[in-house]
Amino acid sequence: MSDQYAIDSHKLIYHPERVSDWLSADNWEKQKKIYPIYMELSPVGACNHRCTFCAVDYIGYKPVMLDMEMLRKRIPEMGELGVKSIMYAGEGEPLLHKKIVDIVEITKASGIDVAFTTNGSILPKGFIDRAIPLTSWIKVSINAGTPENYARIHQTKERDFNRVIENLKEMVSARNSTKSDCILGAQILLLPENTDDVEKLASICRDEIGLDYLVVKPYSQHLSSETHRYENTDYSDLLSMEEKLSQFNNEHFNVIFRANTMTKTLDKDHGYDKCQATPFFWAYVMADGAVYGCSAFLLDERFKYGNLNEHSFAEIWEGEARHESLNYVRDKLDIRECRKNCRMDEVNRYLTRLRNGVSHKNFI
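Here goes a summary of the coordinates provided. Residue positions are given per chain, counted from 1 along the sequence in the order it is written. Owing to the predicted nature of the model, reporting of local features is limited to residues with pLDDT of at least 70; listing and counting of side-chain atom pairs is limited to 80 or more, with chain, interface and lining totals taken over all residues. Side-chain calculation: all heavy atoms of the structure are included, whereas hydrogens and water are not.

Another aspect to go through is the overall build of the chain. What the chain contains, in helices and strands, is 13 helices and ten strands. Oriented by its inertia axes, the alpha-carbon framework of the chain measures out at about 55 × 50 × 40 Å. Between buried and exposed lies partly exposed: a residue is buried under 20% and exposed over 50% of the maximum accessible area for its type, with that area taken using a 1.4 Å probe on protein chains only. Per-residue burial over the chain gives 56% buried out of 364 residues. Long-range pairs, those at least 24 residues apart, make up 74% of the contacts in the chain between residues at least 6 apart in sequence. Summing over all exposed atoms, the chain offers an accessible surface of approximately 16700 Å²; the carbon and sulfur share of this is 47%. Distance between charge centroids for the chain: 2 Å, based on 46 positive and 54 negative side chains. Working definition: helices are DSSP H or I runs of at least four residues, strands are E runs of at least two. Numbering for both runs from the N terminus. What makes two residues a contact is simply this: any of their non-hydrogen atoms within 4.5 Å. Only the protein chains shown count as cover for residues, and the accessible areas themselves come from Shrake-Rupley with a 1.4 Å probe. Residues scored as positive are Lys and Arg, those scored as negative are Asp and Glu, and His as well as the terminal groups of each chain are ignored. All charge positions are set by atom: Lys at NZ, Arg at CZ, Asp at CG, Glu at CD.

Set out below in C-alpha cells:
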C-alpha cells in the first residue's frame, strides 16, 4: 500500500462521533459546539525562501509571530475543547519561531498531536532532542533533485539543498536511535521545471536519507496568489509517472504519487456545490493570531472568526463572526470561487455523500 497515511484521501471517517454530531446539528446552538478535529497554526509570518509556486505570497511574509504567553493559554484550551491535532506550517517557515520547541511541548502536553510542514533548512536548538519524540510527522518540502534546480525553484542559495539533506539525515538518525514514532517524509510539487528530478529525489530520500516516504503532488492555484505561472499546468501526460516511481517502493519507503488529486485537476467542477467542512472540522490560525475558517481565503473578512490575542478560542469558535461566516458559506458562497483541490476537498466529497445519501443505502 503506497499511501498508507491516506495523504491522497482523507481521515474524517475515523471520527464518526464528530461527524454524527455534525449530521444532527440542525441549529446554531448545536453547531457552535462542534469544534475542529484538526488545525493549522502559522507560528511566524516570515520565510527564508521565496518559492516560485508560493500560494501565500500576497500576504507579504510579514515578520510577525504567535505570542508564546498567549499560546500557553490557548493551546490547552483547544485540547480541552476537542481539538485533536495541530500542524505547524502556515504563511511562513514554522521553524523560524524561537520558541517552537516549547510550543511542541505545550501542544503535546495538552493532548494534541503535533505535525510540521517545513522547508527543513533550519534546525532550532533542542528540536532534535525535545521536539521530534513528541511529533507525529514532519514533511519537508524539497521541490527539486539538484542544488541548482532547488535554488531556482525555492529562490534561495544552492547550499540550502545540501543543508536540508543533512538536516533530514540528522532527524532520521535521532528518530531511529531513540525509537521515536515520528514519521519523516518529503514532498515535491510537480512543476514543468522539476519533472525530470523526481526519480533522483526519490533515490535521495530513500537511499541517502532514509525517509519513510516522498509525496509527489500537483499544483493548485490559490485565488489570491500573485503567482500564476503554473495555473494551467496539465497533469494528464504525467500520470504515467506513478508506475515508474513505484520501483522505489519497499517495506521501509513509499513514493506517494497523488494520482487522485492530479486527475481531479482535469474536472470541470468540484463534485459538490456546498462547502460542508470549513465551518466545522478544521481551522487556520495566522501568525498574527487571526483565526480563519479557510486557508484559501486568508485576509478575507467573510472567513475570519476572531483573534486569539483578543479572545479565548471558545469565544471565537462560538462567536457571532463564525456564525455569520457559517451562514455565508452555506447560503451565499459560490463554490466556483474556491480553490480546486483545496485541503478539505476529499472531506467535502465525503460529507456531501453522507448528507445527500445514495439510492438503496440499506443494501450495504
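Our next topic: unusual backbone geometry. Non-glycine residue Lys179 carries a positive phi angle of around 55°. Turning to its location among the elements, Lys179 is positioned in the loop between α7 (159-178) and β5 (183-189). By relative accessible area, Lys179 is classed as exposed at 71%. If you check the backbone angles, His360 has positive phi at about 55° while not being a glycine. For His360, the location among the structural elements is in the segment after α13 (345-356).

It is worth spelling out α7 at this point. Take the number of residues in a helix, subtract one, and multiply by 1.5 Å to get its expected span. The terminal C-alpha atoms of α7 lie 29 Å apart, and with 20 residues this matches the ideal 28 Å at 1.5 Å per residue to within 8%. Asp160, Phe161, Val164, Ile165, Asn167, Leu168, Met171, Val172, Ala174 and Arg175 are the residues of α7 that are buried. At the C-terminal side of α7, Lys179 shows a positive phi close to 55°.

A word on the packing of aromatic side chains. When two rings of Phe, Tyr or Trp (its six-membered ring) have centres within 6.5 Å they constitute a pair, described as stacked for plane angles under 30 degrees, edge-to-face for angles over 60, and tilted for the intermediate range. Per the counting criterion, the structure on display carries 14 aromatic pairs. Among the aromatic residues, those joined into a cluster by ring pairs are Tyr35, Tyr305, Phe313 and Trp317. The aromatic ring of Tyr61 is capped on one face by Arg50, whose charged end is 3.9 Å from the ring centroid. As a reminder, the over-ring test applies to NZ of lysine and CZ of arginine, requiring each to be within 6 Å of the ring centre and within 35 degrees of the ring normal. Taking the ring centre of Trp22 as reference, the NZ or CZ of Arg355 above it sits at 4.1 Å.

Below, the discussion takes up the packing of helix α1 (residues 16-24) against α13. Helix axes are fitted to C-alpha atoms over the stretch in contact, other axes to C-alpha atoms as well, and angles between N-to-C directions run from 0 to 180 degrees. Contact pair α1 / α13: the axes reach a minimum separation of 11 Å and the direction vectors enclose 55°. When the axes of α1 and α13 are compared, the pair comes out oblique. Note on packing geometry: the crossing formed by α1 with α13 is right-handed. Residues Val19, Trp22 and Leu23 of α1 pack against Leu351, Leu354 and Arg355 of α13. Only Asp, Glu, Lys and Arg are considered charged in this grouping, and only Ala, Val, Leu, Ile, Met, Phe, Trp, Tyr, Cys and Pro are considered nonpolar; every other residue, Gly among them, is considered polar. Class assignment of the residues belonging to the contact of α1 with α13 gives a composition of five nonpolar, no polar and one charged. Between 65 and 115 degrees an angle is taken as roughly perpendicular, under 35 as roughly parallel, over 145 as roughly antiparallel, and anywhere else as oblique. Each helix crossing is assigned a hand: it is left-handed if the near helix lies turned anticlockwise from the far helix by less than a right angle, otherwise right-handed if that turn is clockwise.

Attention shifts here to the pattern of salt bridges. What makes a salt bridge here is a side-chain nitrogen of Lys or Arg within 4 Å of a carboxyl oxygen of Asp or Glu, nothing more. Within this structure, the stated rule accounts for 23 salt bridges. Arg302 serves as the salt-bridge partner of Asp300, at 2.6 Å between the closest nitrogen and oxygen. Between Glu337 and Arg302 there is a salt bridge, with its nearest N and O atoms 3.9 Å apart. With Glu337 in the loop between α12 (320-331) and α13 and Arg302 in the loop between β9 (290-292) and β10 (304-307), this residue pair connects regions lying 35 residues apart in the sequence.

Turning our attention to the sheet that holds strand β3 (residues 113-118). Pairing between strands requires that DSSP locate at least two bridges from one strand to the other. Spatial ordering of the open sheet is given by β7-β6-β5-β4-β3-β2-β1-β8-β9-β10, a layout of ten strands whose pairing is mixed. In the strand order of this sheet, the two ends are held by β7 (254-257) and β10, each with one partner. For this sheet, the mean angle separating the axes of adjacent strands, direction not counted, is 20°. Here strand β6 (residues 213-217) runs beside β7; their pairing, made up of four bridges, is parallel. Within β7, the residue paired with Leu214 across the bridge is Val255.

A few words on the pairing of β5. Burial analysis of β5 places six of its seven residues in the buried class, the great majority of the element. As defined by bridge partners, strand β4 (residues 137-141) adjoins β5 across five bridges and the pair is classed as parallel. By the bridge assignment, Ile138 is partnered in β5 with Leu184. Of the pairings in the sheet, the one linking β5 to β6 comprises five bridges and is parallel in character. What sits directly across from Ile188, in β6, is Val216.

Right, let's get into the environment of Ile165. Along the chain, the position of Ile165 falls in helix α7. Note on Ile165: relative accessible area 3%, which makes it buried. Through-space distance from the C-alpha of Ile165 to that of Gly120 is 8.4 Å; in sequence the pair is 45 residues apart. With residues near it in sequence (within four places) discarded, Ile165 still touches Ile204, Glu208 and Ile209.

Another point: the side chain of Thr118. Within the element layout of this structure, Thr118 appears in strand β3. Using a relative accessible area of 3% as the deciding quantity, one classes Thr118 as buried. Polar contacts, as counted here, are pairs of nitrogen or oxygen atoms within 3.5 Å of one another; within protein the pair requires one atom able to donate a hydrogen and one able to accept it, and residues that are adjacent in sequence qualify only if both atoms are side-chain atoms. In terms of polar contacts, Thr118 uses its side chain to reach the side chain of Glu93, at 2.7 Å. Setting aside residues no more than four positions away along its own chain, Thr118 makes contact with Glu93, Pro94, Leu95, Ile138, Lys139, Val140 and Ser141.

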